[in-house]
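Overview (structure and organization)
Residues per chain are reported as follows:
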Amino acid sequence: AKFYRITYQMILNLIGKETESTTTLTGTAFDEEEFIKSDQYTTKVVYYSWWMLAKMALCNIFQDVVEAADMGIAETKRYDTATTKAQTSLMYFAFHAGMACYAVAQQTTGGRKRRRYRVAAQYEHKRLQKWLKAGCPNVQHYVQLLDAENAALSNIKNNKKSQQQQDTAKLFQQAIVTSARMGYI
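Presented here is an overview of the structure given in this document. (Residues numbered from 1 in each chain as written. Predicted model: local features only at pLDDT ≥ 70, side-chain atom pairs only at ≥ 80, totals over all residues. Heavy atoms only, no water.)

Attention shifts here to the environment of Gln9. Inspection of the secondary structure puts Gln9 in helix H1 (residues 2-14). Owing to a relative accessible area of 0%, Gln9 belongs among the buried residues under this scheme. Taking C-alpha positions, Gln9 is 7.1 Å from Thr26, a pair spaced 17 residues apart along the chain. Within polar-contact distance, the side chain of Gln9 engages the backbone nitrogen of Ala29 at 3.0 Å. (Helix = DSSP H or I, 4+ residues; strand = E, 2+ residues; numbered from the N terminus. Buried < 20%, exposed > 50% of the residue type's maximum accessible area, 1.4 Å probe, protein only. Polar contact = N/O pair within 3.5 Å; in protein donor to acceptor, adjacent residues only side chain to side chain.)

The calculated volume of the largest pocket comes to roughly 220 Å³. Lining of the largest pocket is provided by Ala57, Asn60, Ile61, Val65, Phe95, His96, Met99, Ala100, Ala103, Tyr142 and Glu149. Counting residues per element, the ones that place at least two in the lining of the largest pocket are helix H4 (45-61), helix H6 (89-107) and helix H8 (140-158). At five residues, the largest contribution of residues to the lining of the largest pocket is made by H6. Each residue belonging to the lining of the largest pocket can be placed in one class, and the counts come to eight nonpolar, two polar and one charged. (1 Å grid on protein atoms, 1.4 Å probe; cavity = no way out; pocket = protein on both sides within 12 Å on 5 of 7 lines; lining within 4 Å. Points joined across faces, edges and corners; volume = space filled by probe spheres on them. Nonpolar A, V, L, I, M, F, W, Y, C, P; charged D, E, K, R; others polar.)

What follows covers the pattern of salt bridges. For the coordinates displayed, the defined rule picks out four salt bridges. We note a salt bridge from Glu32 to Lys55, for which the minimum N-O separation is 3.1 Å. You can see Glu32 sitting in helix H2 (residues 32-37) and its partner Lys55 sitting in helix H4, a full 23 residues away along the chain. With relative accessibility at 7%, the residue Glu32 sits in the buried group. With relative accessibility at 4%, the residue Lys55 sits in the buried group. (Salt bridge = Lys/Arg side-chain N within 4 Å of Asp/Glu carboxyl O.)

Look at helix H9 (residues 163-181): 27 Å from first C-alpha to last across 19 residues, which is about the 27 Å you get at 1.5 Å a residue. All of the buried residues in H9 are Thr168, Ala175, Thr178 and Ser179. Summarising the axial view, the buried residues of H9 lie within an arc of 100 degrees, below the 170-degree limit, and thus occupy one face. Every exposed residue of H9 that faces more than 90 degrees away from the buried side is listed here: Lys170 and Arg181. Following H9 by one or two positions, Gly183 adopts a phi angle in the positive range, close to 85 degrees. (Expected span 1.5 Å × (residues − 1). Arc of directions from axis to C-beta.)

Further remarks concern the packing of H6 against helix H7 (residues 111-133). Here H6 crosses H7 at 150 degrees, and the two axes come no closer than 8 Å. Here H7 runs roughly antiparallel to H6, going by the angle between their axes. Viewed along their axes, H6 and H7 form a crossing whose handedness is left-handed. Contacts between H6 and H7 involve Leu90, Met91, Phe93, Ala94, Phe95, Ala97, Gly98, Cys101, Tyr102, Val104, Ala105 and Gln106 from the first element and Arg114, Tyr117, Arg118, Ala120, Ala121, Gln122, Glu124, His125, Arg127, Leu128 and Trp131 from the second. The residue makeup of the contact of H6 with H7, split by class, is 15 nonpolar, four polar and four charged. (Axes fitted to C-alpha atoms, helices over the stretch in contact; angles between N-to-C directions. Parallel < 35°, antiparallel > 145°, perpendicular 65-115°, else oblique. Left-handed = near helix turned anticlockwise from the far one by under 90°. Contact = heavy atoms within 4.5 Å.)

On the surface, Tyr8, Ile11, Leu14, Ile15, Ile61 and Phe62 cluster together into a nonpolar patch covering about 550 Å² of accessible area. Counting residues per element, the nonpolar patch draws most heavily on H1, at three residues. Relative to the helices and strands, Ile11 resides in helix H1. Judged by relative accessible area, which is 42%, Ile11 ranks as partly exposed. (Patch = residues over 30% accessible without salt bridge, like charges linked within 9 Å, V, L, I, M, F, W, Y side chains within 5 Å. Areas by Shrake-Rupley, 256 points an atom, 1.4 Å probe, with all protein chains shown as cover.)

Going through the model one piece at a time under the given rule, you end up with seven aromatic pairs. Ring geometry for Tyr48 against Trp51: centres 6.2 Å apart, planes inclined by 45 degrees, an arrangement best described as tilted. Residue Tyr48 and its partner Trp51 are both found in helix H4; the two are separated by three residues, about one turn of the helix. Residue Tyr48 is classed as buried on the basis of its relative accessible area, which comes to 1%. Given a relative accessible area of 4%, Trp51 falls into the buried group. By way of ring pairs, the aromatic residues Phe30, Phe35, Tyr48 and Trp51 are connected into one cluster. The residue whose ring lies beneath Arg116 is Tyr117, and the NZ or CZ to ring-centre distance is 5.2 Å. (Phe/Tyr/Trp six-rings, centres within 6.5 Å; stacked < 30°, edge-to-face > 60°. Lys NZ or Arg CZ within 6 Å of the ring centre and 35° of its normal.)

Right, here's the structure in full:
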């Protein structure tokens, strides 16, 4: 039942109903603060992982990428230990954390801060690449999107123009086509 409440609250947030903050899962269906205070936050791994995914997805959708990236960095170890390697939510977590970290790295001008987010993004990117190489077809579009984000970050870092930007645009186009062919968009 908790899955449905988290999902329903996420939907309410997406359509703009009953919430002050689009990235906080608090409203009629679910109360994030209550959940964090409860023992289910620490003992029910499945609920925790589903809440984390919903929260990160909302942060990415509503462009609160700093919060999503910081959550991704802070929660990676806990999430890895809390979930089994076979749990499908791990690939969604890696994707959302990677996307958020790449986005923040692109927005950040400071060397150390940018490096922190870039390293975190590349960690998640490599995990997805490893799963793809091992034969998991469900992450191919994620890997391609993160390939494109990594190229975009390299363009910013090296102040590249024209040909590199065209190559990066082709990577994004390839990721979009793959996502569409696999039925994700």
